[in-house]
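# Residue-level structure breakdown
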Amino acid sequence: MSEITLSELEKQYGDTTAVEDVSVDIRDGELLCLLGPSGSGKSTTLRMIAGLEEPTSGEITINGEDVTDQSAYERNTSTVFQDWALFPHKSVLENVAFGLKMRDVPKEQRRERAEAMLERVQMGGYGDEDPTNLSGGQKQRVALARSLAVNPDVLLLDEPLSNLDKRLREDMQIELREIHEDVEETFVHVTHDQDEAFTLADRIGIMNEGELIQVGEPTEVYENPANRFIEGFLGDTNFVESEAVRVTDDAVHVETELGYELVLPSDGDPDVTEGAELTLSLRPEVLSIEQDAAADSMEGHEQPVLADGSTLNAVVGTVENVLYRGSTVRYSVSVNGTSMFAERTGANTDALTAGEEVRIEWEGDDVLAFRPDGSQVTL
Amino acid sequence: MSSTLHRETLETAAFRAGYLSLLAIMLLPLLVVVVTSFSGTGRLAFPPESFSIAWYGEFLDSVRWLDAFTNSIIVGVGTALLATVLGVTGAFGQELEDDDGLLGTLLAPLVLVPLLIPPVILGITLLMYFNEFGLRGSYASIVLAHTLWATPLVYFVMRSVFSRFDWQQLDAAQDLGAGPVQSFVHVVFPNVKHGIFVGGLLAFIISLQEFVMALFLSTPGTQTIPVIAWTEIRQALDPVVSVVSTILVVISVVAIVAAVIATNLEWLSRQLS
């Protein structure tokens, strides 16, 4: 159990900056996921916490103690590597007991502890095996047991599930979650997989181009992303370019590339000036798509305001193609020449076909807007 | 189709025949040496008029030859140990270096230099140099000279061995609390020990057969086998020289076979995993 603080952490390789000004307080006992595309600096950050990389500047503390200048072997952190890095010349049990051996734990005690850890990851009875003969999932479990055996201040996981197939990966995510709750230690998990981060994390830290852009609970980062990059990275969405044409106290009216004027309701005093360029994000899960029985009703492109004051936006378009994806069906729709997509569950048998006129609707509150610099607009 | 196939097999056969005859021509002198060592007469002639193992007895009775044999083993083992330590640590250090620094860039060509200097010149230079330190004629002087030659070979063998090593294992070891020495002993060494063994054997063979520098640097007390063989041949060609050569050839072949087995065992275990 321990808290880790990263302050203004920076790592440069020659002229390239791999990690830039990363500051975060990792809470005692939490599971923090560092999420980002490859090359975003998340693994480098993790390796700096482990002591395997030396930061160019900045400070790392564990439980208040400055460990920035300590080598990897002096820190009580342990890492589960992407390729697991099991020692091929040692048995499974010797692998798990290795860290204890380095800590001069007596032989009998470390054997007991190692066996208990193997038991914990459901690898009991595999102690005498050669690790090179194990399957990917089994290696993964042994690596986890090896890292947990030393009772680290923090367990660092460097994309350890990325080499497993989808089904096994999902099982391991749930198991990892259970182990985390069981051992009550601080975990920092690096991944490029959004689903994995959402499944595992207490909090998610999103990194891009070496910077830590936002740290928050999964719902927080998903529903209220700090910028356009996060909105795009966390899931599929339609980005629609627009311009604010009328700003009132409770709504922003925008003219969009879809050829429709849309209404974005505001909680009051929106932080937008007329003429500002805005990128709207319309996530497929907030869009409903129906056959357009009365295409004529959209004449004039006026958006209706509902009785309770909320706005319903709607656009009409033509289905361009239908992509069957198993649990969902994705429709690509051309709205006045601009493409956007909406989804239906696969169970919805009332299938739409290409060439059909459709109406896409959503509630104005479900739309996020971003400035040209990427930051989110408070509506 | 069949004619192309036919031509290909013919070409392969021709290539093999050429290759084998080349090998035979190169290996024939060895055969001559081995056969003449069993000569029944006192003349070094091929083919011998009769056969005996008398000259092996002669060799075993000769204090000079046996002393030279001991000297060669002492110098060979010394060279193997020193060159292995230098070559392994050099290659290891270079692998550890993050970005190719000045030392790293200079090391590889620098290490090669002794191989490019003619041994006569190296021998004379070292003789003068070691005289300054009072090392003339010592085992140490010959070991150091041979190490100059053997180290680059060990170094390049180890570079290739380390390039196949999974360096993440070193990270894992340090991450689990192993210091620099512990992680080398417990994790790096077990993975590269066959390579180190091969490098050491190579250094030993280099030392065993090196003649020119040993000629310059040795005194009667430290003469190695090639030096004695040279002086013997100049006095009288007798089959003991062939006996000694045969023993050297056998030692080298045994060492090479051991090296091949060691590398193949490693290769085999990798294949099986």
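As the structure is a prediction and not an experimental result, all values here were calculated from the model.

### Some words on the nonpolar core
The biggest cluster of nonpolar side chains holds 72 residues, and the ones touching the most others in it are I49(A), V96(A), A145(A), A149(A) and V188(A). Excluding residues that lie within four positions of it along the chain, V188(A) makes contacts with I26(A), L32(A), L34(A), L46(A), I49(A), V154(A) and L156(A).

### Comments concerning the environment of V88(B)
Considering the arrangement of structural elements, one finds V88(B) in helix α3 (residues 63–96). Here the alpha-carbon distance between V88(B) and G200(B), two residues 112 residues apart in the chain, equals 9.8 Å.

### Looking at the domain arrangement of chain A
In terms of domain boundaries, chain A breaks down into domain 1 (4–231) and domain 2 (238–370). Using only C-alpha atoms to locate each centre, domain 1 of chain A and domain 2 of chain A end up separated by 41 Å.

### Digging into the UniProt feature "domain: ABC transporter" (unreviewed entry) in chain A
Taking the numbering used here, the UniProt-annotated feature "domain: ABC transporter" (unreviewed entry) corresponds to residues 4–234 of chain A. For the annotated span residues 4–234 of chain A, helix accounts for 37% and strand for 26% of the residues, and the straight-line distance between the end C-alpha atoms is 26 Å.

### Observations regarding unusual backbone geometry
All names here are of chain A. With a phi close to 60°, D104 is a non-glycine residue in the positive phi region. Along the chain, D104 turns up in the loop between α2 (92–102) and α3 (107–120). Here D104 falls in the exposed class, since 8 other C-beta atoms lie within 10 Å of it. In the Ramachandran plot, E184 falls in the positive-phi region, its phi being about 50° despite a non-glycine side chain. Checked against the element boundaries, E184 lands in the loop between α5 (166–183) and β8 (186–191). Note on E184: 9 C-beta atoms within 10 Å, which makes it exposed.

### Points about the sheet that holds strand β7 (residues 154–158) of chain A
Residue and element names in this part refer to chain A. The strand order across the open sheet formed by six strands is β6-β7-β8-β3-β9-β10, and the pairing between neighbours is mixed. Edge positions in the sheet fall to β6 (77–80) and β10 (211–216), since each of these pairs with one other strand and no more. Pairs of neighbouring strands in the sheet enclose a mean axial angle of 20°, with direction left out of account.

About the thresholds
Residues numbered from 1 in each chain as written. Chains lettered and ligands numbered in written order. Predicted model: local features only at pLDDT ≥ 70, side-chain atom pairs only at ≥ 80, totals over all residues. Core = buried A, V, L, I, M, F, W, Y, C linked by C-beta atoms within 7 Å. Buried ≥ 20, exposed ≤ 12 C-beta atoms within 10 Å, placed from the backbone. Contact = placed C-beta atoms within 7 Å. Helix = DSSP H or I, 4+ residues; strand = E, 2+ residues; numbered from the N terminus. Domains from an automatic or database assignment. UniProt positions renumbered as here; feature names shortened; annotations may be inferred. Pairing = 2+ DSSP bridges. Axes fitted to C-alpha atoms, helices over the stretch in contact; angles between N-to-C directions.

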